[in-house]
Amino acid sequence: MMIVRYLAREIFKSQLVSWFILLLIFFCQKLVKILSAVVCGELPKELILTILGFGITDILKLILPLSLFLAILITFGRLYIHNELIVIHACGVGKGVLIKAAMILAFFTAILAAINVVWLSPWSSRCKNTVIYNIKINPIITAIPAGRFQIFQNSHTVLFVENIKHNKFSKVFLVQFPIQENIQSAFILAESGYIEKSENASQVIILNKGYHFEVNKFLKNFRITNFSNFHALVHYQHKEKKPDPNNFDEADIMKLFSDNNPLIRAELHWRLIIVCSVFIMAIIAVPLSVINPRYGQILSMLPAMLLYLMFFLLESLMRSNVSKDKLDAIFWMWEIALFYLLIGLILNTSHTLPIRRIIVFLKSWYRRVNNSV
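What this report covers is the structure whose coordinates are included nearby. This one's a predicted model, so the numbers in the text were calculated from it and none came from an experiment.

Okay, the overall build of the protein next. For the protein, the helix and strand inventory stands at 10 helices and 6 strands. Looking at the protein residue by residue over its 373 residues, the buried ones come to 40%. If you take every contact in the protein between residues at least 6 apart in sequence, the share linking residues at least 24 apart comes to 59%. Carbon and sulfur atoms make up 66% of the accessible area of the protein, which amounts to about 21800 Å² in all.

Here's what the structure looks like:
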């Protein structure tokens, strides 16, 4: 039907705009957290875009249902203000056309949300955690913060740099503890230095003008050596991060179905709720998009936004309680979803002809009862 295609096209345009705006907002929020980690020396600045890229899937979990919800409110609200929908209704076309156009967009949005929660999100979470894990076991490859002790190589080496300028160190203190008992400990003081990467991905600390102290705990003596150039090799350890049994963001959907752990059940139903919320919120948005000219579009959208916010707040609350094994996931999380679906159905059918006939019949029956009494 031509009207359905027209409405679906207008909703899709608004959804794209809403999607990009929401993505930018959530992107900036995540960027602030990553930059704070970079400032604290927990992440190197070279990995900012990598961590941001892997975080897009978590953002999509929230903005896919919200973008469609806002698109329906904005599009139908604008068409009500311009009297286009009023003319369509005056020509005998009911609100079923609006629901059909909204459901077409909800179907494709739900497919994207399902792909995200089933495959993309667990994969990106595993990749992001692997990158962060390798950073933790190889702190030397990160941007070493000035004025802080940096421990690496299984806690056998400690590095302290007083000042860093253009990747050059000044006032360097390096300690190498023995891996075996018969090897001497080494303390190194140097005026300057820098880090160089070798072909086999190992790191080489090159120090200039300093002193090398060797300590033998058995003989209890020191050996002091003056040097102009000193090379210390640090092996880069690349390890695949083992799956964390307590991190269910990485778990595949099949694993979630096959386990009865409360945390796993909470994660499973949370992912399913995200997909179903696309249809539920689309159904609710259609009747709530009717604009009252006295209040304007912004105030008319306020009840719809409060309903949407309450839905995800309640689902998040139920998810946290289910993960603590206080509530049953199937009952409480889906009870909220079914309650909102019931709200959407009531709002969509409250002004239809069958409901009006039922209301008229009930009113007439009530009058007859009162007259007989």
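Glancing now at the packing of aromatic side chains. Counting across every chain of the model gives 12 aromatic pairs. Seen in terms of ring centroids, W19 and F20 are 5.0 Å apart; in terms of plane orientation they differ by 80°. Their pairing is edge-to-face. Residue classification places W19 among the partly exposed residues on the basis of a relative accessible area of 22%. The class for F20 is exposed, based on a relative accessible area of 52%. Following the ring pairs from residue to residue traces out a cluster consisting of F69, W270, Y308, F311, F312, F339 and Y340.

What follows deals with the side chain of T130. Among the structural elements, T130 can be located in helix α5 (residues 96-137). In this structure the side chain of T130 is engaged in a polar contact, spanning 2.8 Å, whose partner is the backbone oxygen of R126.

A few words now on the nonpolar core. Counting 55 residues, the largest nonpolar core has I72 and F76 as its most contacted members. Counting only elements with at least two residues in this core, the list comes to α1 (2-39), α3 (56-81), α4 (84-90), α5, α7 (262-288), α8 (296-323) and α9 (329-349). Broken down by element, this core gets its largest block of residues, 14 residues, from α3. Look past the residues within four positions of F76 in its chain and what remains in contact with it is L7, I11, L85, L98, V286 and S289. Core analysis: the next-biggest nonpolar cluster, separate from the first, contains 12 residues, V161, L174, I205 and A232 among them.

This paragraph deals with the packing of α1 against α3. Two elements in contact, α1 and α3, have axes whose closest approach is 7 Å; the angle formed by their N-to-C orientations is 140°. Classified by the interaxial angle, the pair formed by α1 and α3 is oblique. Handedness of the crossing formed by α1 with α3: right-handed. The residue makeup of the contact of α1 with α3, split by class, is 22 nonpolar, 5 polar and 3 charged.

On to unusual backbone geometry. One non-glycine residue, K171, lies in positive phi territory at about 60°. Of note, K171 is situated in strand β3 (residues 168-176). Even without glycine at this site, K209 takes up a positive phi of about 55°. If you trace the backbone, K209 turns up in strand β5 (residues 203-216).

The next thing to look at is the environment of P303. Following the sequence through the fold, P303 ends up in helix α8. Among the residues examined, P303 registers a relative accessible area of 43% and is labelled partly exposed.

Right, let's talk about the packing of α3 against α7 for a bit. It is at 8 Å that the axes of α3 and α7 come closest, and there the two elements cross at 5°. Here α3 lies roughly parallel to α7, going by the angle between them. Counting all contacts with α3, which are made through K61, P65, L68, F69, I72, L73 and F76, the residues of α7 involved are E267, I274, S277, V278, M281, A282, A285, V286 and L288. Grouping the amino acids of the contact of α3 with α7 by side-chain chemistry returns 13 nonpolar, 1 polar and 2 charged.

Quick look at α1 now. Spanning 38 residues, α1 covers 55 Å between terminal C-alpha atoms, matching the ideal 56 Å at 1.5 Å per step. Among the residues making up α1, those that are buried are V4, L7, A8, E10, I11, S14, Q15, S18, L22, L23, I34 and A37.

Attention now moves to the pattern of salt bridges. Per the counting criterion, the structure on display carries 6 salt bridges. Residue E10 pairs with K13 through a salt bridge whose shortest N-O separation is 3.7 Å. With E10 and K13 both in helix α1 and 3 residues apart, the pair spans about one turn of that helix. Of the residues examined, K13 reaches a relative accessible area of 46% and is grouped as partly exposed. Among the ionic pairs, R271 bridges to E267, the shortest N-O distance being 2.9 Å. Here E267 and R271 lie together in helix α7, a separation of 4 residues that amounts to about one turn. Since its relative accessible area comes to 2%, R271 is described here as buried. Connected via shared salt-bridge partners are E10, K13 and R78.

This part covers the layout of surface pockets. Put simply, the second largest pocket is a space of about 320 Å³. Around the second largest pocket sit 14 residues that line it, and K30, D58, I59, K61 and L62 are the ones nearest its centre. Broken down by secondary-structure element, the contributors of at least two residues to the lining of the second largest pocket are α1, α3, α7 and α8. Along the lines of polarity and charge, the residues of the lining of the second largest pocket split into 6 nonpolar, 2 polar and 6 charged.

Scoring rules and cut-offs
Sequence order as written defines the numbering, with residues in each chain counted from 1. Local features in a predicted model are, by the rule used here, given only for residues with pLDDT of at least 70; side-chain atom pairs are given and counted only at 80 or more, and totals for whole chains, interfaces and linings are based on all residues. The basis for the side-chain values is all heavy atoms of the structure; hydrogens and waters are excluded. Secondary structure elements follow DSSP: runs of H or I no shorter than four residues count as helices, runs of E no shorter than two count as strands, and numbering proceeds from the N terminus. Burial classes: relative accessible area under 20% of the type maximum marks a residue as buried, over 50% as exposed, and values in between as partly exposed (1.4 Å probe, protein chains only). Throughout, a contact is declared for two residues whenever any of their heavy atoms are within 4.5 Å. The accessible surface values rely on the Shrake-Rupley method and a 1.4 Å probe; as for residues, cover is taken only from the protein chains in view. Classification of ring pairs rests on two measures: the distance between centres of Phe, Tyr or Trp rings, Trp counted by its six-membered ring, which must be within 6.5 Å, and the angle between planes, read as stacked under 30 degrees, edge-to-face over 60 and tilted in between. Within 3.5 Å is the distance limit for a polar contact, defined as a pair of N or O atoms, with the added protein rule that one can donate a hydrogen and the other accept it, and that residues adjacent in sequence qualify only through two side-chain atoms. What we call a nonpolar core is a set of buried Ala, Val, Leu, Ile, Met, Phe, Trp, Tyr and Cys residues that are connected through their side-chain atoms within 4.5 Å. Helix axes are fitted to C-alpha atoms over the stretch in contact, other axes to C-alpha atoms as well, and angles between N-to-C directions run from 0 to 180 degrees. For this classification, under 35 degrees means roughly parallel, over 145 means roughly antiparallel, 65 to 115 means roughly perpendicular, and everything else is oblique. Note: crossing handedness is left-handed where the near helix turns anticlockwise from the far helix by less than a right angle, and right-handed where it turns clockwise. In this classification, the charged set is Asp, Glu, Lys and Arg, the nonpolar set is Ala, Val, Leu, Ile, Met, Phe, Trp, Tyr, Cys and Pro, and all remaining amino acids, among them Gly, are polar. What a helix is expected to span follows from its residue count: subtract one and scale by 1.5 Å. By convention in these notes, a salt bridge is any Lys or Arg side-chain nitrogen within 4 Å of a carboxyl oxygen on Asp or Glu. Only protein atoms enter the 1 Å grid used here, on which a cavity is any set of points holding a 1.4 Å probe that cannot leave and a pocket is any open set flanked by protein within 12 Å on both sides along at least five of seven lines; residues with an atom within 4 Å of a point are listed as lining. Grid points are joined across faces, edges and corners, and a volume is the space filled by probe spheres set on the points.

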